[in-house]
2 protein chains.
Amino acid sequence: MSDSLLSPAEIKQQLAKTPSWQIVNGELTRNFECADFRAALAFVNKVGGLAESAQHHPDIDIRYNKVRFALVTHSAGGLTKKDFDLAARIGS
Amino acid sequence: MSDSLLSPAEIKQQLAKTPSWQIVNGELTRNFECADFRAALAFVNKVGGLAESAQHHPDIDIRYNKVRFALVTHSAGGLTKKDFDLAARIGS
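Residues numbered from 1 in each chain as written. Chains lettered and ligands numbered in written order. Predicted model: local features only at pLDDT ≥ 70, side-chain atom pairs only at ≥ 80, totals over all residues. Heavy atoms only, no water.

### A few points about the packing of aromatic side chains
In this description, an aromatic ring pair is defined by two values, namely the gap between the centres and the angle between the planes.
So, step 1. Inspection of every chain in the model, using the stated rule, returns eight aromatic pairs over all chains.
So, step 2. Centre to centre, the rings of Phe43(B) and Phe69(B) are 5.7 Å apart; their planes meet at 75°, and the pair counts as edge-to-face. Placement of Phe43(B) in helix H2 (residues 37-54) and of Phe69(B) in strand S4 (residues 66-71) is noted, with a sequence separation of 26 residues between them. By the burial criterion, Phe43(B) is buried, and Phe69(B) matches it.
So, step 3. An aromatic cluster is present here, built from Phe32(A), Phe43(A) and Phe69(A) joined pairwise through their rings. (Phe/Tyr/Trp six-rings, centres within 6.5 Å; stacked < 30°, edge-to-face > 60°. Helix = DSSP H or I, 4+ residues; strand = E, 2+ residues; numbered from the N terminus. Buried < 20%, exposed > 50% of the residue type's maximum accessible area, 1.4 Å probe, protein only.)

This is the structure in structure tokens:
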């Protein structure tokens, strides 16, 4: 099941496949730097499409040309395969 | 000058014209709740257009259907008329 909480060992395994992401306060996060605000917004729209397809939505913080995504499965109370699957689609 | 720091009295005056906004940690902020993620993203794009026109960009936090904007003029080290002008255009 993609919504089951992952064990610490499973999280470690998944992280090895998404090395650009890191766990901060229990969430799977990644920061991106784009050319400018317009490029950042275009990127957020692209990720928004992936999120809608997955029906799983990261928290998104936009700071001019910088974008931060944070993934966690609130319904499961922690990290699940869904978080790592979407992270990999955003960019592993 | 729209980039001059506003005095406390001027801030009070401006806030009276943008009553839906509040100052939190020195920034002019407002939270919006949209129907869903897709609507939130559409709204962020609309505000992104206003920001590009003004060449002034709020910090933007997206939490599924909730969006938070925070405005401050970093170059001036505080709130200026630019912040209130953009706030009014987003929605007073």
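Once the structure has been displayed, the description carries forward.
### A word on the pairing of strand S2 (residues 27-33) of chain B
All names here are of chain B.
So, step 1. Counting buried residues along S2, five of its seven residues qualify, which places the element largely inside the surrounding structure.
So, step 2. As defined by bridge partners, strand S1 (residues 22-24) adjoins S2 across three bridges and the pair is classed as antiparallel. In the strand pairing of S2, Gln22 is matched with Thr29.
So, step 3. In terms of strand pairing, S2 meets S4 through six bridges, oriented antiparallel. Note that in S4 the partner of Arg30 across the bridge is Phe69. (Pairing = 2+ DSSP bridges.)

### Overview of the nonpolar core
So, step 1. Ranked by size, the top nonpolar core spans 50 residues in total, and within it Phe69(A), Ile90(A), Phe69(B) and Ile90(B) carry the most contacts.
So, step 2. Residue contacts for Phe69(A): discarding those within four places in its chain leaves Trp21(A), Leu28(A), Thr29(A), Arg30(A), Phe32(A), Phe43(A), Val47(A), Pro58(A), Asp59(A), Ile60(A) and Ile90(A). (Core = buried A, V, L, I, M, F, W, Y, C linked by side-chain atoms within 4.5 Å. Contact = heavy atoms within 4.5 Å.)

### Notes on the relation of the copies chain A and chain B
So, step 1. Take chain A, turn it by 180°, move it 0.0 Å along the axis, and it overlays chain B with an RMSD of 0.0 Å. Taken together, the rotation and translation describe the operation of a two-fold axis. Within chain A, Asp61(A) has its C-alpha nearest the rotation axis, a separation of 2.2 Å. (Least-squares fit on C-alpha atoms with pLDDT ≥ 70 in both.)

Functional significance is not addressed by these values, which are geometric in nature.
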